[in-house]
Amino acid sequence: MSNWLTELTVDYVNELKPYESARRLFAGSGADAEQVWMNANESPFAEEYGIDASVFNRYPDCQPDTVISAYSSYAGLNAEQTLVTRGADEGIELTIRAFCEPGKDSILICPPTYGMYAISAQTFNVGVESATLNADFSLNLSDVLSKVGQVKVVFICSPNNPTGTSVKREDIVNVLDAYKGTAIVVVDEAYIEFDISNSQADLLAQHSNLVILRTLSKAFGLAGLRCGFTLASAEIITTLLKVIAPYPIPAPVAQIASVALSNEGLEKTKGLVALLKNELDDLREALSQLGDIECIGDINANFVLFRSQQKQALMDYLVANKVLIRDQSKQVNLQHCLRASVGSKEQNKKLIELITAFFAQEAK
Ligand SMILES: *Cc1c(COP(=O)(O)O)cnc(C)c1O
């Protein structure tokens, strides 16, 4: 990069690298109809949606009523407790921007976990503290509580990406109580449809420092839509509305989200979630029979995490055969680990066949 531009750029931005999203990692490998994408926890199913272009000459509502009322009733909350955002990722960013002062404050993350909490913080020059999960991927409660007074926002992901484990409600309540009055506790429920009985949304009634993140990207099969939700007290939502863009939700996004959240849409999603959960059970069972593979964590979301000493050769073999999964081996305590999102029956079958062939060839 030119000298003058490096000098002009803010120091902490110079140090950043663009996020290695699953999509970016394979960009340029050529969009290929035969490729099977099992690397970004997307849904294998896409639905048809119509749009009404007659309103596109107008700016959209900041918070479209139809979407807010549909989602708040789905979540069992009031409209005032619901914010619609450009994906759950925007909810992460808004929470950090509203509650952390750049160059001064910090967030707390519990790795191995979703990468965007730390990345969002770094883009605003906000510090990142860690409380690594226990060996069984449960919350290390004493580590988390030892940071009271040192951080402004605590991120807990449940079900956690990439371990597929859910956090005990008792632990979340403990964290909420310990941080009451000094920090926001964000529970990221991006995968909650796959473990619906473990939602903490009802805790909003008693805990004023709780924020819950949701998305249409995973169970609803709408990752391309960029639509997520932040659930919190009316006071917190009002604060977040001060930092959100004036028109964050494009009109076609609001139209499609409303359809996905209609009774019919919700029923459809429920059916697909049940189907994917069955597939995931079978996928994990089949994987654990192969080569040196050890499945780890849990399958409360839409992916399986596994360890193989051959992970690099296995990854290369899958990529060469057009099946993409995600390397998680750089995360703390996830040496040699790969994550595969559950696909359709045919896709899962293809993955298992390829891994079987890989280990057969290795054995020769
Ligand atoms: C995928 C994911 C998100 C991001 O969701 P978007 O709505 O697509 O921005 C947030 N949190 C976790 C844990 C995720 O896995």
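Residues numbered from 1 in each chain as written. Predicted model: local features only at pLDDT ≥ 70, side-chain atom pairs only at ≥ 80, totals over all residues. Heavy atoms only, no water.

Notes on the overall build of the chain
Okay, step 1: Across its full length, the chain carries 13 helices and 13 strands.
Okay, step 2: For 364 residues, the compact-globule formula gives about 21 Å, and the C-alpha radius of gyration of the chain, at 21 Å, lands near that figure.
Okay, step 3: Dimensions along the principal axes, computed over C-alpha positions, put the chain at roughly 65 × 55 × 50 Å.
Okay, step 4: For the chain, buried positions account for 49% of its 364 residues.
Okay, step 5: Of the roughly 16,900 Å² of accessible surface on the chain, 50% is carried by carbon and sulfur atoms.
Okay, step 6: The average position of the 30 basic charges and that of the 44 acidic charges among the side chains of the chain differ by 2 Å. (Helix = DSSP H or I, 4+ residues; strand = E, 2+ residues; numbered from the N terminus. Rg over C-alpha atoms; globule rule 2.2 N^0.38 Å. Buried < 20%, exposed > 50% of the residue type's maximum accessible area, 1.4 Å probe, protein only. Areas by Shrake-Rupley, 256 points an atom, 1.4 Å probe, with all protein chains shown as cover. Lys, Arg positive; Asp, Glu negative; His and termini not counted. Charge placed at Lys NZ, Arg CZ, Asp CG, Glu CD.)

Here we look at the packing of helix α12 (residues 311-320) against helix α13 (residues 345-363)
In a packed pair of helices, the relevant descriptors are the angle between the two axes and the axis-to-axis distance.
Okay, step 1: Close contact between α12 and α13 brings their axes to 10 Å; oriented N to C, the two are set at 125 degrees. With respect to α13, the axis of α12 lies oblique. In the packing of α12 onto α13, the handedness of the crossing is right-handed. On α13, the residues that touch A313, L314, Y317 and L318 of α12 are L351, L354, I355, A357, F358 and Q361.
Okay, step 2: Across the contact of α12 with α13, the residue classes break down as nine nonpolar, one polar and no charged. (Axes fitted to C-alpha atoms, helices over the stretch in contact; angles between N-to-C directions. Parallel < 35°, antiparallel > 145°, perpendicular 65-115°, else oblique. Left-handed = near helix turned anticlockwise from the far one by under 90°. Contact = heavy atoms within 4.5 Å. Nonpolar A, V, L, I, M, F, W, Y, C, P; charged D, E, K, R; others polar.)

Things to note about the domain arrangement of the chain
Okay, step 1: Domain assignment breaks the chain into domain 1 (3-45 + 265-363) and domain 2 (58-262).
Okay, step 2: Relative placement of domain 1 and domain 2: their C-alpha centres are 23 Å apart.
Okay, step 3: Between domain 1 and domain 2 lies a buried interface of about 2,500 Å² when both sides are counted; carbon and sulfur atoms form 64% of it.
Okay, step 4: The three residues of domain 1 that bury the most area against domain 2 are Y19, L266 and N300, which together make up 23% of that side's buried surface. (Domains from an automatic or database assignment. Buried area = accessible area lost by both parts, 1.4 Å probe.)

A few points about the site of the ligand
Okay, step 1: What surrounds the ligand is a group of 13 residues, the closest being A88, D188, Y191, T215 and K218.
Okay, step 2: Here S217 contributes a side-chain N or O atom positioned 2.6 Å from an oxygen atom of the ligand.
Okay, step 3: In this structure, an oxygen atom belonging to the ligand sits 2.9 Å away from a side-chain N or O atom of K218.
Okay, step 4: Starting from 390 Å² of accessible surface for the ligand in isolation, the protein chains cover 94%.
Okay, step 5: For the shell around the ligand, the element with the highest residue contribution is helix α5 (residues 87-99), accounting for three residues. (Near = heavy atom within 4 Å. Polar contact = N/O pair within 3.5 Å; in protein donor to acceptor, adjacent residues only side chain to side chain.)

Remarks on the side chain of Q331
Okay, step 1: On the secondary structure map, Q331 appears in the loop between β12 (326-327) and β13 (337-341).
Okay, step 2: In terms of polar contacts, Q331 uses its side chain to reach the backbone amide nitrogen of T113, at 3.0 Å.
Okay, step 3: In contact with Q331, not counting residues within four places along its chain, are P112, T113 and P162.

Brief notes about the pattern of salt bridges
Okay, step 1: As enumerated under the stated definition, the model contains 12 salt bridges in all.
Okay, step 2: R86 serves as the salt-bridge partner of E90, at 3.3 Å between the closest nitrogen and oxygen.
Okay, step 3: Residue class for E90 comes out buried when judged on its relative accessible area of 4%.
Okay, step 4: Residue R86 is classed as partly exposed on the basis of its relative accessible area of 41%.
Okay, step 5: K345 is the salt-bridge partner of E279, the closest N and O atoms lying 2.7 Å from each other. Taken together, the residues span a long stretch of sequence, with E279 in helix α11 (residues 263-288) and K345 in helix α13 at a distance of 66 residues.
Okay, step 6: By relative accessible area, which is 9% here, E279 ends up buried. (Salt bridge = Lys/Arg side-chain N within 4 Å of Asp/Glu carboxyl O.)

Some details on a nonpolar patch on the surface
Okay, step 1: A cluster of nonpolar residues, I51, V55 and F56, forms a patch on the protein surface that exposes about 250 Å² of accessible area.
Okay, step 2: Within the secondary structure, V55 sits in the loop between β1 (36-37) and α4 (65-75). (Patch = residues over 30% accessible without salt bridge, like charges linked within 9 Å, V, L, I, M, F, W, Y side chains within 5 Å.)

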